[in-house]
Amino acid sequence: MKIAAIIRAHHKPEFLKTLVDRLSASEMWSIYIHVNRSSNIEDFYRIIDKSLFLDSQIMVRWSGFSMIEATLLLLKKAYENPGNTHFYLMSGQDFPLKSDRNIRNYIDGRPCGDFIQVLTMPQWHKPLDRLNRWHFRDLPLISPHSLVRAQFRQFSPHRNLDNLLHGMVPYAGSAWWLLSRPTVGKMLNFIETNPWYTQAFAFSAFADEMFFQTLFANLDLKTEDAAPTSAHWLPGKANPEIITHDIYLQMQEGWHFMARKFDEVYPWMLSLNLH
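Since this is a predicted model, take the numbers as computed values, not measurements. Throughout this description, residue numbers start from 1 for each chain and increase along the sequence as written. Local features in this predicted model are restricted to residues of pLDDT 70 or higher, and side-chain atom pairs are both shown and tallied only at a pLDDT of 80 or more, whereas totals for entire chains, interfaces and linings draw on every residue. Hydrogen atoms and water are omitted, and side-chain values are computed over all heavy atoms in the structure.

Here the focus is the pairing of strand S1 (residues 3-9). Most of S1 is tucked away, with seven of its seven residues classed as buried. Neither face of S1 is exposed, since Ile-3, Ala-5, Ile-7 and Ala-9 on one face and Ala-4, Ile-6 and Arg-8 on the opposite face are all buried. DSSP calls a pair of strands paired once it identifies at least 2 bridges connecting them. Only DSSP runs of H or I covering at least 4 residues are called helices, and only runs of E covering at least 2 are called strands; the numbering of each starts at the N terminus. The pairing of S1 with strand S2 (residues 29-35) spans seven bridges and is parallel. Along S2, the bridge assignment pairs Ala-9 with Val-35. Bridge analysis of S1 against strand S3 (residues 86-91) gives six bridges, and the strand direction is parallel. Pairing of Arg-8 across the sheet is with Ser-91, part of S3. Burial status follows relative accessibility: with a 1.4 Å probe on protein chains alone, a residue under 20% of its type maximum counts as buried, one over 50% as exposed, and anything between as partly exposed.

Shown next, in the form of structure tokens:
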């Protein structure tokens, strides 16, 4: 088993180095990193092997389609290596919860081997207006939280989802997943031969929580129906809580492979025996 860790990062190079050092200590991982074009990549090059980074950098904006573009760059690059058997989308603020042996045994012991959350839309936290309204999250001049953007979304015409998705049913889920090589091959082939699919999500919001999930479900692929990365959410909060030692220990009691998100490197992380 060889898992390609495809990592989207935009800040905290010191923490990313801790994650890279942990993964690099094992033969089970190969590493591919995209750093947001808005970041100073030299800060990363100073402490992390330059060969692990993609040559191309995309200006990634929160909740924009640019997140999909960066992910596809990583996925296609990693797929070029026939030795990669699985592909794990991570952020630069993730850290393993389990040892490599536990991760390998858990994946091998599951019938599907694909870990992606797939929920029919709408859900209370995944509304259809993310897709059937026009969104311009990648516009550089307007903040995602601005009143102008909110008013435009409110009064913009609805898009016909049946026409937009060519009859596909929309699905959503966690942005983080682990997929097997056969599954990734089918998905990349569909994207390559059906350019309309990429265009359908170009003006959506939070495409990273719909794009791969919708394609996965409509290709009739089978999932373990859970994302492999655990986050600590509190009711009413828009973002997950920062992981503390106590939260990390609680998360270790479950099956998930990775935890997010971390805000700094804690001394106790460096002494964990996760190999």
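The structure having been displayed, the exposition proceeds.
Here four strands make up an open sheet; going across it, the order is S2-S1-S3-S7 and the pairing mixed. Edge positions in the sheet fall to S2 and strand S7 (178-180), since each of these pairs with one other strand and no more. Across the sheet, the mean angle from the axis of one strand to that of its neighbour is 20°, orientation sign disregarded. Contacts: residue pairs with any heavy atoms within 4.5 Å of one another. Note on method: axes are straight lines fitted to C-alpha atoms, helices fitted across the in-contact stretch only, with angles between N-to-C directions ranging 0 to 180 degrees. Contacts from helix H8 (residues 181-193) reach S3 and S7, with the element oriented near 90° to S7.

When a carboxyl oxygen of Asp or Glu is within 4 Å of a side-chain nitrogen of Lys or Arg, the pair counts as a salt bridge. Applying the stated criterion to the full structure yields 10 salt bridges. Among the salt bridges present, the one from Lys-12 reaches Asp-263, with a minimum N-O distance of 3.1 Å. Taken together, the positions of Lys-12 in the loop between S1 and helix H1 (13-24) and Asp-263 in the loop between strand S9 (258-260) and helix H12 (267-270) put the pair 251 residues apart, joining distant regions of the chain. Put simply, Asp-94 and Arg-260 hold a salt bridge, and the shortest N to O gap is 3.3 Å. Taken as a pair, Asp-94 in the loop between S3 and strand S4 (95-96) and Arg-260 in strand S9 lie far apart in primary sequence, 166 residues in all. Each member of the pair, Asp-94 together with Arg-260, is buried.

Further remarks concern the environment of Ala-200. Within the secondary structure, Ala-200 sits in helix H9 (residues 195-200). Note: C-alpha distance between Ala-200 and Leu-131 (69 residues apart in sequence) is 8.6 Å.

With that settled, the discussion passes to the sheet that holds S4. With mixed pairing, the three strands of this open sheet are ordered in space as S4-S9-S8. Two strands in the sheet have a free side with no partner beyond their single neighbour: S4 and strand S8 (229-231). As defined by bridge partners, S4 adjoins S9 across two bridges and the pair is classed as antiparallel. The partner of Pro-96 across the bridge, within S9, is Met-258.

Here the focus is the nonpolar core. Inside soluble globular proteins, nonpolar side chains tend to come together where they are buried. Ile-6, Leu-75, Trp-177, Tyr-197, Phe-201, Phe-211 and Phe-212 are the most contacted members of the largest nonpolar core, which has 43 residues in total. Elements with a contribution of two residues or more to this core: S1, helix H3 (66-79), S3, helix H7 (161-164), strand S6 (171-172), H8, H9 and helix H10 (211-218). Excluding residues that lie within four positions of it along the chain, Leu-75 makes contacts with Ile-6, Phe-87, Trp-177, Val-184, Leu-188 and Phe-212. In plain words, nonpolar cores are sets of buried Ala, Val, Leu, Ile, Met, Phe, Trp, Tyr and Cys residues tied together by side-chain atoms within 4.5 Å. Within the second largest apolar cluster, 26 residues are counted, among which are Ile-3, Ile-7, Leu-19 and Met-258.

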